[in-house]
Amino acid sequence: MKVMHTAKEMRAWSFEQRGAGKTIGFVPTMGALHEGHISLMRACVERDDVGVLSIFVNPTQFGPNEDLDKYPRTFEADCRIAEDVGMDAVYAPDARTMYPEGYATYVAVERLTDRLCGAARPTHFRGVTTVVAKLFNAVLPDRAYFGQKDAQQAAVIRRMTRDLDFGVEIVELPIVRESDGLAMSSRNKYLSAEERQRASCLSRALFQAQEMLENGEREPKRIIDAVRQGMCEVDIDYVELVDAEEMTPVERVEGTVLLAVAARVGETRLIDNIKFSAKA
Ligand code: AMP
């Protein structure tokens, strides 16, 4: 497996693959890989001729008081996992290469980033779209794989890709969970045993809401109230029921909706969600 650190090397490798008629699949991550990331890499290996994993803890998507410095970094182990899954290359630029002195260009998707995590983390999505645009320009993928775990992020990336004509197919894959339902996340490592137990109420509350939806409940307030009640053990940041593409609140459950939550458990901020498609 090839490991590359600059956009120049990365692009040269990708041009070679494309020249040989191969499709390139791409899985962008911040490393500290777990089964969620592995599910994306497996899908990539299955579908594309060659697979590229990027590992980059992107400083522009962290706010000033967030966990950039303590974010887990496990580069060697991540490379071993990627190789075992069958990825062909790892792209791991460093922050100074990505954002050299004098860096001044940002990509921002409007409206879809106003609510949910965008409201709580005002510069987060601008950092995400900027880095993904840069990664797309280096990796030149045919397809890129994202997790529903970050459903708003996937919607924002889909919109950016469409609006800026990147010509990359965006594939969104389901959330991989622990046995008690907790969505896998590199940040779960921060939780103490007691916090870890409380954290499971996020998915429990969402699954309960899913049942309400399946049983025909269509009134957002009743669903949101039930989720809030189910999450009384943690410090809620938001519980929102929105249109799954526009990220705007719905007055009634119709079409495909996203029920998304964020909460603080101790010092750790966790997110989770479910999607539901109401039959017309
Ligand atoms: P991260 O390294 O946390 O930035 O995540 C990289 C990619 O992995 C994103 O597309 C995430 O949505 C995805 N991902 C993270 N956790 C999970 C999970 N539990 N299940 C599925 N995908 C995930």
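Before reading further, recall that the structure is shown in the block above.
Residues numbered from 1 in each chain as written. Predicted model: local features only at pLDDT ≥ 70, side-chain atom pairs only at ≥ 80, totals over all residues. Heavy atoms only, no water.

**Student:** Which parts of the structure should I look at to understand the packing of aromatic side chains?
**Tutor:** Two descriptors summarise a pair of aromatic rings, namely the distance from one centre to the other and the angle between the planes of the rings. Evaluated as defined, the whole model comprises 6 aromatic pairs. An aromatic cluster is defined as three or more aromatic residues linked by ring pairs; in this entry it consists of F56, Y99, Y103 and Y106. When the ring centre of Y106 is taken as origin, the NZ or CZ atom of R126, which lies over that ring, is 3.8 Å away. Between the NZ or CZ atom of K134 and the centre of the ring of Y99, over which it lies, the distance is 5.9 Å. (Phe/Tyr/Trp six-rings, centres within 6.5 Å; stacked < 30°, edge-to-face > 60°. Lys NZ or Arg CZ within 6 Å of the ring centre and 35° of its normal.)

**Student:** Even after reading the chapter, I still don't get the packing of helix α9 (residues 201-214) against helix α10 (residues 220-230), so can you show me in this structure?
**Tutor:** Each pair of packed helices can be described by the angle between their axes along with the distance between the axes. Packing of α9 against α10 brings their axes to within 8 Å, and their N-to-C directions diverge by 150 degrees. The pairing of α9 with α10 is recorded here as roughly antiparallel in orientation. In the packing of α9 onto α10, the handedness of the crossing is right-handed. Contacts between α9 and α10 involve C201, A205, A209, M212 and L213 on the former and, on the latter, R222, I223, A226, V227 and G230. Residues belonging to the contact of α9 with α10 are distributed by class as follows: 8 nonpolar, 1 polar and 1 charged. (Axes fitted to C-alpha atoms, helices over the stretch in contact; angles between N-to-C directions. Helix = DSSP H or I, 4+ residues; strand = E, 2+ residues; numbered from the N terminus. Parallel < 35°, antiparallel > 145°, perpendicular 65-115°, else oblique. Left-handed = near helix turned anticlockwise from the far one by under 90°. Contact = heavy atoms within 4.5 Å. Nonpolar A, V, L, I, M, F, W, Y, C, P; charged D, E, K, R; others polar.)

**Student:** For this particular structure, what's the right way to read the sheet that holds strand β6 (residues 169-173)?
**Tutor:** Paired through their backbone hydrogen bonds, the strands of a sheet run either parallel or antiparallel. If you walk across this open sheet you meet the 6 strands as β1-β4-β3-β2-β5-β6, and the pairing is parallel. Across the chains shown, the open sheet's two edge strands, defined by having one partner strand only, are β1 (2-4) and β6. Direction aside, the axes of adjacent strands within the sheet are offset by 25 degrees on average. For β1 and strand β4 (residues 89-91), the ladder comprises 3 bridges, and the chain directions are parallel. (Pairing = 2+ DSSP bridges.)

**Student:** What is the right way to look at unusual backbone geometry in this model?
**Tutor:** Most of the time, phi is negative for any residue but glycine, and the peptide bond is trans. In this structure, L140 is a non-glycine residue whose phi angle is positive, near 50 degrees. A positive phi angle, near 55 degrees, is found at D165, a position not held by glycine. As for its placement among the helices and strands, D165 is situated in the loop between α7 (151-163) and β6. We classify D165 as exposed; its relative accessible area is 67%. (Buried < 20%, exposed > 50% of the residue type's maximum accessible area, 1.4 Å probe, protein only.)

**Student:** What should I look at first to understand the site of the ligand in this one?
**Tutor:** Near the ligand lie 17 residues; those nearest to it are M30, G147, D150, V176 and M184. Between the ligand and the protein, one listed contact pairs an oxygen atom with a side-chain N or O atom of H37 at 3.0 Å. When the ligand sits alone it has 490 Å² of accessible area, and the protein chains cover 93% of it. Looking at the shell around the ligand, the elements that each hand over two or more residues are β2 (24-29), α2 (35-47) and β5 (143-147). At 3 residues, α2 tops the list of elements feeding residues into the shell around the ligand. (Near = heavy atom within 4 Å. Polar contact = N/O pair within 3.5 Å; in protein donor to acceptor, adjacent residues only side chain to side chain. Areas by Shrake-Rupley, 256 points an atom, 1.4 Å probe, with all protein chains shown as cover.)

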